[in-house]
Amino acid sequence: MAAQGTGIGSPNALKRPIEVAVEVQSAAPAEAVYDLLANPASHLIWAGERQGSSSRLLTIDAPPAPIGVGDEFSTTGADPMGGFADRSVVTEATRPSAFEFVTEATLTTKKGASSVWTNVHRYELEPTARGCRIAYTLRVTRISDLPGLLRVFNWPVLSSIGEHAAAGLARKGAVSLAGLAEEWATA
């Protein structure tokens, strides 16, 4: 199958979007979780220092909290394949139930290859009797090139392995977010 054009300057090497969804429970109220999502500095904790050293945020440049629809921020980070530099824009900010941002990410592999990704990060927060449920969905809609092991995303049998790995990282981030919200809500 030929690469699909996206109309935004870069081809799409993906044959289909990649989507991973995870749910975790937090003892913190939805408002506390939302406030962390709208506070870019906190991302360096729950998506940075509390993540593994091979996949985490390293820097963030953002307006002061709370950020909302239309606000942009940029990040850099480590990835098992190399490093990334991202530019994101908040597309939904409905306190305390939903926070979403779209990221244009450039992954540069350890061998010097690069690819541009379009990722949609969506957090839905639902109050529960013991805090809230955090539903996180990562949807990768475009990757300009699939260097190295990224090719598995276009192989039907092996794509599930890549998606499973992505889901593991997504779960780890959501658990870290939930934990930090619990700590900050009781501080």
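Conventions used here
- Residues numbered from 1 in each chain as written.
- Predicted model: local features only at pLDDT ≥ 70, side-chain atom pairs only at ≥ 80, totals over all residues.
- Heavy atoms only, no water.
- Buried < 20%, exposed > 50% of the residue type's maximum accessible area, 1.4 Å probe, protein only.
- Helix = DSSP H or I, 4+ residues; strand = E, 2+ residues; numbered from the N terminus.
- Pairing = 2+ DSSP bridges.
- Phe/Tyr/Trp six-rings, centres within 6.5 Å; stacked < 30°, edge-to-face > 60°.
- Polar contact = N/O pair within 3.5 Å; in protein donor to acceptor, adjacent residues only side chain to side chain.
- Salt bridge = Lys/Arg side-chain N within 4 Å of Asp/Glu carboxyl O.

J.: Describe helix H2 (residues 40–49), naming the residues involved and giving the relevant values.
T.: For H2, the buried fraction is high: seven of the ten residues fall into the buried class. Considered for burial, the residues of H2 that qualify are Pro40, Ser42, His43, Ile45, Trp46, Ala47 and Gly48.

J.: For the pairing of strand E5 (residues 72–79), give the residues involved together with the corresponding values.
T.: Looking down a regular strand, the side chains alternate between one sheet face and the other. Both strand E4 (residues 56–61) and E5 contribute to a ladder of five bridges, which runs antiparallel. Across the sheet, residue Arg56 finds its bridge partner in E5, namely Ala78. Pairing of E5 with strand E6 (residues 82–94) involves eight bridges; the strand directions are antiparallel. Its bridge partner lying in E6, Ser74 is registered against Arg87.

J.: Can you tell me about the packing of aromatic side chains, naming the residues and giving the values?
T.: Within this structure, the stated rule accounts for five aromatic pairs. Ring geometry for Tyr34 versus Phe99: centroids 5.8 Å apart, planes at 80°, classification edge-to-face. Of this pair, Tyr34 sits in helix H1 (residues 30–37) while Phe99 is found in strand E7 (residues 98–109), placing the two residues 65 residues apart along the sequence. When sorted by exposure, Tyr34 lands in the same class as Phe99, which is buried. With a centroid separation of 5.3 Å and 65° between ring planes, the pair formed by Phe73 and Phe101 is classed as edge-to-face. Taken as a pair, Phe73 in strand E5 and Phe101 in strand E7 lie far apart in primary sequence, 28 residues in all. Exposure remark for Phe101: the relative accessible area of 7% places this residue in the buried category. A network of ring pairs unites the aromatic residues Tyr34, Phe73, Phe99 and Phe101 as a single cluster.

J.: Any chance you could break down unusual backbone geometry for me, citing the residues and the numbers?
T.: A cis amide bond links Ala65 to the next residue, Pro66, at an omega of -5°. Arg95 connects to Pro96 through a cis peptide bond whose omega is 5°.

J.: Let's hear about the side chain of Ser176: which residues, and what values?
T.: By the element assignment, Ser176 lies in helix H3 (residues 156–186). There is a polar contact of 2.9 Å between the side chain of Ser176 and the backbone oxygen of Trp46.

J.: An account of the pattern of salt bridges is requested, with residue identities and associated values reported.
T.: Counted under the stated rule, the structure contains eleven salt bridges. One salt bridge in this structure joins Arg50 and Glu183, with 2.9 Å as the shortest N-O distance. Linking Arg50 in the loop between H2 and E4 with Glu183 in helix H3, this pair joins segments that are 133 residues apart in sequence. Judged by relative accessible area, Glu183 falls into the partly exposed class, the value being 41%. Where salt bridges share partners, they join Glu92, Glu100, Arg122 and Glu124 into one cluster.

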